[in-house]
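Working through the structure, step by step
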Amino acid sequence: MDEGSAAALLKQGIECTRTGHLAAGEAILRSAVAAHPDLPDLRRVLGLNLLTQGRYAEAWPFYEARIAVPWLTDGLPRDFPFPRWQGEDLAGRHVTIFPEQGWGDQIQFIRFLPALAAFGARITLLAPPLLVRLFRHNFPDVQIFPADGAVDFADPDYWLTLVDLPGRLGVTLNTIPAAPYLTPPGRWANVPEGPKVGLVTKGNPNNERDRWRSLPDAVADRLRDGLPGRVFGLLPDATGARDFAETAAVVDGLDLVVAVDTAAAHLAGAMGKRCFLLLSGVDTDWRWMRDRIDSPWYPNHVLYRGGADGAWDAAVDRLIGDARALLG
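Residues numbered from 1 in each chain as written. Predicted model: local features only at pLDDT ≥ 70, side-chain atom pairs only at ≥ 80, totals over all residues. Heavy atoms only, no water.

At the junction of Ala-179 and Pro-180, the peptide bond is cis and its omega measures out at 5° in the coordinates. Along the chain, Pro-180 falls in the loop between α8 (165–168) and β5 (196–200). With a phi close to 70°, Gln-101 is a non-glycine residue in the positive phi region. Tracing the chain through its elements places Gln-101 in the loop between β1 (94–98) and α5 (103–109). Overall, the relative accessible area of 39% leaves Gln-101 in the partly exposed class. Backbone geometry places Asn-190, a non-glycine residue, at a positive phi of 55°. Tracing the backbone through its elements, the reader meets Asn-190 in the loop between α8 and β5. (Helix = DSSP H or I, 4+ residues; strand = E, 2+ residues; numbered from the N terminus. Buried < 20%, exposed > 50% of the residue type's maximum accessible area, 1.4 Å probe, protein only.)

This paragraph deals with the packing of helix α2 (residues 22–35) against helix α3 (residues 40–52). Put simply, α2 and α3 touch, their axes get as near as 9 Å, and they point 155° apart. Here α2 is positioned roughly antiparallel relative to α3, judged by the angle of their axes. Once α2 is placed against α3, the crossing between them reads as left-handed. Counted together, Leu-22, Gly-25, Glu-26, Leu-29, Arg-30, Ala-32 and Val-33 of α2 and Leu-42, Arg-43, Val-45, Leu-46, Asn-49, Leu-50 and Thr-52 of α3 form the full contact between these two elements. Split by residue class, the contact of α2 with α3 holds eight nonpolar, three polar and three charged. (Axes fitted to C-alpha atoms, helices over the stretch in contact; angles between N-to-C directions. Parallel < 35°, antiparallel > 145°, perpendicular 65-115°, else oblique. Left-handed = near helix turned anticlockwise from the far one by under 90°. Contact = heavy atoms within 4.5 Å. Nonpolar A, V, L, I, M, F, W, Y, C, P; charged D, E, K, R; others polar.)

Taken in spatial order, the four strands make up an open sheet running β3-β2-β1-β4, and their pairing is parallel. Because the sheet does not close on itself, it has two edges, and the strands there are β3 (143–146) and β4 (158–161). Looking at each pair of strands side by side, their axes are set apart by 20° on average, direction ignored. Looking at chain direction, β1 and strand β2 (residues 122–127) are connected through four bridges and run parallel. For Ile-97, the partnering residue across the bridge sits in β2 and is Leu-125. In the packing of helix α7 (residues 129–138) onto the sheet, the strands contacted are β2 and β3, and the crossing angle to β3 comes to about 160°. (Pairing = 2+ DSSP bridges.)

Tracing the backbone shows Arg-213 in helix α9 (residues 210–213). By relative accessible area, which is 14% here, Arg-213 ends up buried. Looking at Arg-213, its side chain comes within polar contact range of the main-chain oxygen of Asn-204, at 3.4 Å. Polar side-chain contacts of Arg-213 include one of 2.7 Å to the backbone oxygen of Asp-261. Setting aside anything within four residues of it in sequence, one finds Arg-213 in contact with Gly-203, Asn-204, Asn-207, Val-260, Asp-261, Thr-262 and Trp-312. (Polar contact = N/O pair within 3.5 Å; in protein donor to acceptor, adjacent residues only side chain to side chain.)

In structure tokens form, the structure reads like this:
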């Protein structure tokens, strides 16, 4: 099989996975990986397919190949003169953890720090600046620096990324550390009376999935108008929050968070806040799997899935009805 054929199979495997035909996508990707084990993107996408199926033990070794895909990991140290941790004894060792992927990924995987520390490791974490204050409050025994420009920290014995942790720890669907694990360092001042709903209807427009995950304006307006109680936008332009610590303080005072697949949904879940999560029926991220209305990552989430044609109306109607039943 030449590389042109491998590229065609990769495209087919991605499309099958994106549209929910997971078994067909897996078969295509496995045949491509067998023929081209040296092409990291094939292994990465097979890993994503298996993660979507919840087959984590099989998936993590394939997903590891993402590190060799430059456009995915531009911020990682390419010539770092220290070994990447592969499971060696960490008693008395110093580990530096680099950020990888988006804010939501960092919030989701920060839960694994205590498990790493339990091996006796001393941990330095580099985190996106907007998450530093929230993480420092919740993990006071970890040295945390903003990953912004040059950072001076002690030489580590090993390094890895936060997204590496579940694979290194052998995490399965049945061994995911439970939420909640984040609390805000402050409180929302002058909390209004009555039912309060936080709402996020759009994500980062630069995200490759954004055309599927963000709500069209008309759908967003109908959702906002249909929710009970007082509805508060959770993006910084609405709250004035300077970082995720301040956003967490607002979330803490809410009765319900309603969000599309953004960092706000991860923050609500990490805090144990009830969250109604709207997911597109097309190109859903691996962590939400397929068909389920619950999440093994966040027990207080309820998932509302749009149609396979990208339509949102039925899911939005169900969500509004459930929110009204919950909050009156």
